[in-house]
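Chain by chain, the residues run as shown.
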Amino acid sequence: MSLVIFSNVHKIQPWIDALKNAGPGIEVISHEEIKDKKKVKFALAWDHPKGIFKEYPNLKCISSMGAGVDHIMSDPEIPEQIKIVRIIDPLLSQDLAEFALALVMSHMRGFGKYFNNQHRKTWKKSMYMRIPDAKIGVMGTGAIGNHVALFLQSLGFSIVGWGKTPGKQAEYKRFHGGDQLDEFLNNINILICLLPLTPETKGILNRNTMGKLINGAYLINLGRGLHVVDQDLIEMIDSGHLSGASLDVFENEPLPEDHPFWSHPAIQITPHVASLTAPNSVAPQIIENYHRAINGQQLLNIVDRNQGY
Ligand code: GLV
């Protein structure tokens, strides 16, 4: 009974080592090495070849190698009975929170502008934003968004959150659903997107929604590229309504060479590095789910296939 890794993206060996360490005796292999597909009960996946899972008649569970599961959910050929689980990891959430903080501070202190000026040998000071001036909105208040919100709040930032459903009571004001979206957006000058990508959240950051933000607001997208309508973002920045954006995620990754984001002076690009899953940190929960899947027990961090997260 093997635990099989389906990924063409990640370096496999550190995952194999971490999983073997957390689950001694479990056979952990890459999908290219599978000899008998019937023996495979548990898959660990990131950007798997689409359609492949229907070839595994005894597969019980697919675990994402990260927090997001959109790369799994976008495969329409995953048999109904296969359960999907994701990673919820304190290290991953903290990495995201620190990355968000770095970008918030970089925006507030104008680093993007100064580094652009550096290349032109231009010495030009401008006023900066202080913590009490920042009104941060966190979109997506699940395990990660909530952690990011609380982390920033603990540093003195004023925080509001928005999620699809009312969720648990939070220490910050939390809006929910389409009816409360405008009210949430209206009072924000830094928007951090940490939503899961679902058919409902695709394109949620568009001309209409971004137009509701306080004039001069800044966007930080750490969710998925498809949350943003790229052309609308460029228009909102060029019209002066938004002051700029930091983007870590894109519809196509790597971001194509001819994409206008690359050369936009008010857009900062990072190559999807806000949080990189650490195999040693997440291996124990993957092994726990492996045992639970094999024994038919309730899985950890299960994804609602109808909701998409
Ligand atoms: C990264 O984007 C993840 O989903 O873990």
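Residues numbered from 1 in each chain as written. Predicted model: local features only at pLDDT ≥ 70, side-chain atom pairs only at ≥ 80, totals over all residues. Heavy atoms only, no water.

1. Some details on the overall build of the protein
At step 1: If you tally the helices and strands in the protein, you get nine helices and 12 strands.
At step 2: The C-alpha radius of gyration of the protein comes to 21 Å, within 12% of the 19 Å expected for a compact globule of 309 residues.
At step 3: Considered along the principal axes of its C-alpha atoms, the protein spans approximately 65 × 45 × 30 Å.
At step 4: Within the protein, the proportion of its 309 residues that are buried is 50%. (Helix = DSSP H or I, 4+ residues; strand = E, 2+ residues; numbered from the N terminus. Rg over C-alpha atoms; globule rule 2.2 N^0.38 Å. Buried < 20%, exposed > 50% of the residue type's maximum accessible area, 1.4 Å probe, protein only.)

2. Here's the deal with the packing of aromatic side chains
At step 1: Applying the stated criterion across every chain, the model contains six aromatic pairs.
At step 2: Ring centres of Phe 42 and Tyr 290 lie 5.8 Å apart, and the angle between their planes is 70°; this geometry places the pair in the edge-to-face category. With a gap of 248 residues between them, Phe 42 in strand E3 (residues 40-46) and Tyr 290 in helix H9 (residues 279-294) connect regions that are remote in the sequence.
At step 3: We classify Phe 42 as buried; its relative accessible area is 0%.
At step 4: Here the aromatic residues Phe 6, Phe 53 and Tyr 56 are joined through ring pairs into a cluster of three or more.
At step 5: We note Arg 109 situated over the ring of Tyr 128; from NZ or CZ to the ring centre the distance is 3.6 Å. (Phe/Tyr/Trp six-rings, centres within 6.5 Å; stacked < 30°, edge-to-face > 60°. Lys NZ or Arg CZ within 6 Å of the ring centre and 35° of its normal.)

3. So, the pattern of salt bridges
At step 1: Counted according to the given criterion, the structure contains eight salt bridges.
At step 2: Linking Lys 164 and Glu 200 is a salt bridge whose minimum nitrogen-to-oxygen distance equals 3.1 Å. A residue pair is termed long-range when its members are at least 10 positions apart, and Lys 164 in the loop between strand E7 (158-163) and strand E8 (173-176) and Glu 200 in the loop between strand E9 (190-193) and helix H7 (207-210) qualify at 36 residues.
At step 3: Take Lys 164: its relative accessible area is 34%, and that puts it in the partly exposed class.
At step 4: Across the pair Arg 292 and Glu 288 runs a salt bridge whose closest N-O atoms are separated by 2.7 Å. (Salt bridge = Lys/Arg side-chain N within 4 Å of Asp/Glu carboxyl O.)

4. Things to note about the packing of helix H1 (residues 12-22) against H9
At step 1: Between H1 and H9, whose axes approach to 8 Å, the crossing angle comes to 50°. Considering their axes alone, H1 and H9 lie oblique with respect to each other. The way H1 lies across H9 gives a crossing that is right-handed. For the pair formed by H1 and H9, the contact residues are Pro 14, Trp 15, Ala 18, Leu 19 and Ala 22 on the first element and Pro 279, Asn 280, Val 282, Ala 283, Pro 284, Ile 286 and Ile 287 on the second.
At step 2: Classifying every residue of the contact of H1 with H9 gives 11 nonpolar, one polar and no charged. (Axes fitted to C-alpha atoms, helices over the stretch in contact; angles between N-to-C directions. Parallel < 35°, antiparallel > 145°, perpendicular 65-115°, else oblique. Left-handed = near helix turned anticlockwise from the far one by under 90°. Contact = heavy atoms within 4.5 Å. Nonpolar A, V, L, I, M, F, W, Y, C, P; charged D, E, K, R; others polar.)

5. What about the domain arrangement of the protein?
At step 1: The assigned domain composition of the protein is domain 1 (2-89 + 277-294) and domain 2 (90-269).
At step 2: Using C-alpha coordinates to define each centre, domain 1 is positioned 31 Å away from domain 2.
At step 3: Contacts between the two partners involve 11 residues from domain 1, matched on the other side by eight residues from domain 2.
At step 4: Carbon and sulfur atoms supply 60% of the area buried between domain 1 and domain 2, which totals about 740 Å² over both sides.
At step 5: Broken down residue by residue, the surface that domain 1 buries against domain 2 is led by Ala 67, Asp 70 and Asp 89, which jointly contribute 63%.
At step 6: Summed over the shared surface of domain 1 and domain 2, the number is one salt bridge.
At step 7: With a shortest N-O distance of 2.9 Å, Asp 70 and Arg 224 are connected by a salt bridge.
At step 8: Linking domain 1 with domain 2 are four residue pairs in polar contact (both at pLDDT 80 or more), by the criterion used here. (Domains from an automatic or database assignment. Buried area = accessible area lost by both parts, 1.4 Å probe. Polar contact = N/O pair within 3.5 Å; in protein donor to acceptor, adjacent residues only side chain to side chain.)

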